[in-house]
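Spelled out, the chains give:
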Amino acid sequence: MTTATLEKPAKVAMNGVDVPAFLATLDAVDGQRELARFTFRAEGNWIAGTHSQARMGNFHGAGGEQPRDCGHMIDGDHPAVLCGKDQGATPVEMLLAALSACITAGIGNIASIRQVRLESVETRVEGDIDLLGILGLDNTVRNGFEGISIQVRIKGDAGAEDLEKIVHQSVARSAVFDVLTNGVPVTVTAQAD
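Presented here is an overview of the structure given in this document. Everything numeric here is computed off the predicted structure, so don't read it as measured data.

The next thing to look at is helix α2 (residues 91-113). The end-to-end C-alpha distance of α2, which contains 23 residues, comes to 33 Å, matching closely the 33 Å that a straight helix rising 1.5 Å per residue would cover. Within α2 the residues assigned to the buried category are L96, L99, S100, I103, G106, I107, G108, I110, A111, S112 and I113. On the buried face of α2, the contacting elements are α1 (19-31), β6 (118-128), β7 (147-156), α3 (160-173) and α4 (175-182). Q115 lies just past α2 and shows a positive phi near 60 degrees.

Structure follows, in C-alpha coordinates:
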(Lines give C-alpha, C1' and ligand atoms only; values in the text may rest on other atoms or scores of the structure.)
Protein backbone atom coordinates (compact mmCIF):
# COMPACT_ATOMS: atom_id res chain seq x y z
CA MET A 1 0.00 0.00 0.00
CA THR A 2 1.36 3.42 -0.92
CA THR A 3 0.43 6.75 0.46
CA ALA A 4 0.31 9.72 -1.81
CA THR A 5 1.11 13.15 -0.51
CA LEU A 6 -1.60 15.61 -1.31
CA GLU A 7 -0.23 18.96 -2.32
CA LYS A 8 -2.16 22.10 -1.61
CA PRO A 9 -3.00 24.02 -4.75
CA ALA A 10 -0.90 27.15 -5.22
CA LYS A 11 -2.58 30.32 -4.10
CA VAL A 12 -3.54 32.60 -6.95
CA ALA A 13 -4.27 36.28 -7.35
CA MET A 14 -7.79 37.05 -6.22
CA ASN A 15 -10.04 40.05 -5.56
CA GLY A 16 -7.45 42.33 -7.16
CA VAL A 17 -4.73 41.17 -4.74
CA ASP A 18 -1.53 39.61 -6.13
CA VAL A 19 -1.50 36.84 -3.51
CA PRO A 20 1.83 35.25 -4.56
CA ALA A 21 3.54 38.68 -4.34
CA PHE A 22 1.82 39.36 -1.00
CA LEU A 23 3.06 36.03 0.41
CA ALA A 24 6.58 36.69 -0.92
CA THR A 25 6.51 40.10 0.78
CA LEU A 26 5.47 38.49 4.08
CA ASP A 27 8.38 36.04 3.79
CA ALA A 28 10.86 38.84 2.96
CA VAL A 29 9.71 40.99 5.89
CA ASP A 30 9.77 37.99 8.22
CA GLY A 31 13.41 37.45 7.20
CA GLN A 32 14.36 41.14 7.58
CA ARG A 33 12.07 42.61 10.22
CA GLU A 34 13.46 46.15 9.85
CA LEU A 35 11.69 46.32 6.47
CA ALA A 36 8.39 46.59 8.38
CA ARG A 37 9.25 50.06 9.78
CA PHE A 38 7.34 52.78 7.90
CA THR A 39 6.79 56.53 8.30
CA PHE A 40 3.83 58.05 6.51
CA ARG A 41 3.35 61.80 6.18
CA ALA A 42 0.65 64.34 5.47
CA GLU A 43 1.33 68.03 4.82
CA GLY A 44 -1.47 70.54 5.08
CA ASN A 45 -2.18 74.14 4.08
CA TRP A 46 -4.96 76.45 5.13
CA ILE A 47 -6.95 77.83 2.18
CA ALA A 48 -9.60 80.09 3.77
CA GLY A 49 -12.12 79.91 6.57
CA THR A 50 -12.36 76.26 7.63
CA HIS A 51 -11.11 74.98 4.25
CA SER A 52 -7.71 73.28 4.09
CA GLN A 53 -5.89 70.80 1.89
CA ALA A 54 -3.70 67.90 2.97
CA ARG A 55 -1.22 66.19 0.66
CA MET A 56 0.18 62.70 1.00
CA GLY A 57 3.25 62.01 -1.12
CA ASN A 58 6.40 60.00 -0.62
CA PHE A 59 6.84 57.89 2.49
CA HIS A 60 9.64 55.98 4.18
CA GLY A 61 9.41 52.19 4.36
CA ALA A 62 10.84 48.85 3.23
CA GLY A 63 14.32 50.16 3.99
CA GLY A 64 14.19 53.53 2.20
CA GLU A 65 12.28 56.49 0.85
CA GLN A 66 9.44 55.32 -1.40
CA PRO A 67 8.32 57.62 -4.22
CA ARG A 68 4.75 57.67 -5.43
CA ASP A 69 3.79 58.07 -9.06
CA CYS A 70 1.54 60.89 -7.92
CA GLY A 71 0.60 62.27 -4.54
CA HIS A 72 -2.88 62.33 -3.11
CA MET A 73 -4.81 65.38 -1.97
CA ILE A 74 -7.74 65.68 0.40
CA ASP A 75 -9.81 68.80 0.95
CA GLY A 76 -11.16 69.39 4.42
CA ASP A 77 -13.88 71.86 5.36
CA HIS A 78 -16.99 72.24 7.47
CA PRO A 79 -20.55 72.30 6.15
CA ALA A 80 -22.46 75.59 6.09
CA VAL A 81 -24.30 74.74 9.30
CA LEU A 82 -20.86 74.75 11.00
CA CYS A 83 -19.76 78.02 9.36
CA GLY A 84 -17.84 76.42 6.50
CA LYS A 85 -18.35 76.33 2.75
CA ASP A 86 -18.55 72.52 2.42
CA GLN A 87 -15.58 72.30 0.07
CA GLY A 88 -14.45 69.01 1.60
CA ALA A 89 -15.25 66.44 4.23
CA THR A 90 -14.97 67.40 7.88
CA PRO A 91 -11.82 66.14 9.60
CA VAL A 92 -13.88 63.74 11.75
CA GLU A 93 -15.51 62.34 8.59
CA MET A 94 -12.01 61.74 7.20
CA LEU A 95 -11.24 59.77 10.35
CA LEU A 96 -14.35 57.63 9.82
CA ALA A 97 -13.39 57.17 6.15
CA ALA A 98 -9.86 56.12 7.18
CA LEU A 99 -11.33 53.50 9.51
CA SER A 100 -13.63 52.23 6.74
CA ALA A 101 -10.79 52.11 4.20
CA CYS A 102 -8.41 50.32 6.57
CA ILE A 103 -10.90 47.61 7.50
CA THR A 104 -12.04 47.19 3.89
CA ALA A 105 -8.44 46.85 2.63
CA GLY A 106 -7.74 44.27 5.31
CA ILE A 107 -10.83 42.29 4.31
CA GLY A 108 -9.66 42.28 0.69
CA ASN A 109 -6.19 41.04 1.63
CA ILE A 110 -7.32 38.44 4.17
CA ALA A 111 -10.05 37.03 1.93
CA SER A 112 -7.56 36.78 -0.94
CA ILE A 113 -4.94 35.00 1.18
CA ARG A 114 -7.66 32.55 2.27
CA GLN A 115 -8.68 32.22 -1.41
CA VAL A 116 -12.21 33.46 -0.72
CA ARG A 117 -13.68 35.25 -3.73
CA LEU A 118 -15.50 38.40 -2.63
CA GLU A 119 -18.64 39.66 -4.32
CA SER A 120 -19.06 42.81 -2.23
CA VAL A 121 -17.92 44.52 0.95
CA GLU A 122 -19.84 47.50 2.29
CA THR A 123 -19.09 49.43 5.46
CA ARG A 124 -21.05 52.04 7.35
CA VAL A 125 -19.05 53.88 9.99
CA GLU A 126 -20.81 56.39 12.24
CA GLY A 127 -19.46 58.59 14.99
CA ASP A 128 -21.49 60.44 17.60
CA ILE A 129 -20.13 63.78 18.77
CA ASP A 130 -21.45 66.53 21.03
CA LEU A 131 -20.13 69.83 19.68
CA LEU A 132 -20.54 71.62 23.03
CA GLY A 133 -16.96 70.60 23.85
CA ILE A 134 -15.26 71.63 20.61
CA LEU A 135 -17.22 74.90 20.56
CA GLY A 136 -15.93 75.70 24.05
CA LEU A 137 -19.44 75.86 25.51
CA ASP A 138 -19.01 73.04 28.03
CA ASN A 139 -15.58 71.95 29.27
CA THR A 140 -17.03 68.72 30.68
CA VAL A 141 -17.88 67.47 27.17
CA ARG A 142 -15.02 65.87 25.24
CA ASN A 143 -14.01 67.38 21.89
CA GLY A 144 -14.02 64.11 19.98
CA PHE A 145 -16.37 61.27 19.27
CA GLU A 146 -18.31 59.77 22.16
CA GLY A 147 -18.52 56.50 20.27
CA ILE A 148 -18.03 54.97 16.83
CA SER A 149 -20.00 52.10 15.31
CA ILE A 150 -19.01 50.00 12.31
CA GLN A 151 -21.35 47.84 10.27
CA VAL A 152 -19.85 45.54 7.65
CA ARG A 153 -21.84 43.68 4.99
CA ILE A 154 -19.78 41.06 3.18
CA LYS A 155 -20.68 38.62 0.39
CA GLY A 156 -18.39 35.98 -1.01
CA ASP A 157 -18.02 32.33 -1.92
CA ALA A 158 -17.53 31.18 1.69
CA GLY A 159 -19.98 30.48 4.47
CA ALA A 160 -21.27 33.21 6.77
CA GLU A 161 -19.06 32.09 9.67
CA ASP A 162 -15.90 32.21 7.53
CA LEU A 163 -16.81 35.62 6.08
CA GLU A 164 -17.42 37.00 9.59
CA LYS A 165 -14.03 35.63 10.70
CA ILE A 166 -12.40 37.55 7.84
CA VAL A 167 -14.05 40.77 9.05
CA HIS A 168 -12.99 40.19 12.65
CA GLN A 169 -9.40 39.39 11.64
CA SER A 170 -9.31 42.59 9.58
CA VAL A 171 -10.47 44.62 12.58
CA ALA A 172 -7.86 42.88 14.76
CA ARG A 173 -5.10 43.85 12.26
CA SER A 174 -6.36 47.36 11.40
CA ALA A 175 -3.84 50.12 12.13
CA VAL A 176 -6.58 52.77 12.23
CA PHE A 177 -8.76 50.72 14.59
CA ASP A 178 -5.71 50.20 16.81
CA VAL A 179 -4.93 53.93 16.95
CA LEU A 180 -8.53 54.76 17.79
CA THR A 181 -9.01 52.10 20.45
CA ASN A 182 -5.54 52.11 22.05
CA GLY A 183 -4.45 55.71 21.52
CA VAL A 184 -1.04 56.86 20.39
CA PRO A 185 1.32 59.56 21.73
CA VAL A 186 1.02 62.78 19.73
CA THR A 187 3.49 65.64 19.99
CA VAL A 188 2.77 69.13 18.69
CA THR A 189 5.30 71.86 18.01
CA ALA A 190 4.39 75.35 16.83
CA GLN A 191 6.54 77.94 15.10
CA ALA A 192 5.30 81.45 14.44
CA ASP A 193 6.95 83.32 11.57
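We now examine the packing of aromatic side chains. Summed over the entire model, instances satisfying the criterion amount to three aromatic pairs. Geometrically, the ring pair formed by F38 and F40 is stacked, given 5.8 Å between the ring centres and 20 degrees between the ring planes. The structure contains a cluster of three or more aromatic residues connected by ring pairs, namely F38, F40 and F59.

Our next topic: the sheet that holds strand β5 (residues 72-76). Taken together, the three strands give an open sheet; going across it, the order is β1-β2-β5, and neighbouring strands pair in antiparallel fashion. Every other strand in the sheet has two partners, leaving β1 (43-48) and β5 as the edge strands with one partner each. Between one strand axis and the next, the sheet turns through 20 degrees on average, direction left out of account. Pairing between strand β2 (residues 51-56) and β5: five bridges, direction antiparallel. Paired with R55 across the strands is M73, a residue of β5.

Right, let's talk about the packing of α2 against α3 for a bit. Two elements in contact, α2 and α3, have axes whose closest approach is 8 Å; the angle formed by their N-to-C orientations is 125 degrees. Between α2 and α3, the interaxial angle falls into the category oblique. Between α2 and α3 the crossing geometry is right-handed. Where α2 approaches α3, its residues C102, I103, G106, I107, I110 and A111 are matched on the opposing element by I166, V167, Q169, S170 and V171. Across the contact of α2 with α3, the residue classes break down as eight nonpolar, three polar and no charged.

Turning our attention to the pattern of salt bridges. Taken as a whole and judged by the stated rule, the model has six salt bridges. In this structure, E65 and R41 form a salt bridge, with 2.9 Å as the shortest nitrogen-oxygen distance. Of this pair, E65 sits in strand β4 (residues 64-66) while R41 sits in the loop between α1 and β1, placing them 24 residues apart in sequence. Its relative accessible area of 36% is what places R41 among the partly exposed residues. With a shortest N-O distance of 3.9 Å, E122 and R153 are connected by a salt bridge. In this pair, E122 is assigned in strand β6 and R153 in strand β7, connecting sequence segments 31 residues apart.

Within the secondary structure, E7 sits in the segment before α1. When its relative accessible area of 74% is taken as the criterion, E7 is described as exposed. Taking the C-alpha atoms as reference points, E7 and G44, separated by 37 residues in sequence, lie 52 Å from one another.

With that out of the way, let us pick up the environment of S120. Note that S120 resides in strand β6. Taking relative accessible area as the criterion, S120 reaches 27% and is therefore assigned partly exposed. Ignoring sequence-local partners within four residues, the contact set of S120 consists of R153, I154 and K155.

What counts, and where the lines are drawn
Residues numbered from 1 in each chain as written. Predicted model: local features only at pLDDT ≥ 70, side-chain atom pairs only at ≥ 80, totals over all residues. Heavy atoms only, no water. Helix = DSSP H or I, 4+ residues; strand = E, 2+ residues; numbered from the N terminus. Expected span 1.5 Å × (residues − 1). Buried < 20%, exposed > 50% of the residue type's maximum accessible area, 1.4 Å probe, protein only. Contact = heavy atoms within 4.5 Å. Phe/Tyr/Trp six-rings, centres within 6.5 Å; stacked < 30°, edge-to-face > 60°. Pairing = 2+ DSSP bridges. Axes fitted to C-alpha atoms, helices over the stretch in contact; angles between N-to-C directions. Parallel < 35°, antiparallel > 145°, perpendicular 65-115°, else oblique. Left-handed = near helix turned anticlockwise from the far one by under 90°. Nonpolar A, V, L, I, M, F, W, Y, C, P; charged D, E, K, R; others polar. Salt bridge = Lys/Arg side-chain N within 4 Å of Asp/Glu carboxyl O.

Shape is all these values report; function is a separate question.
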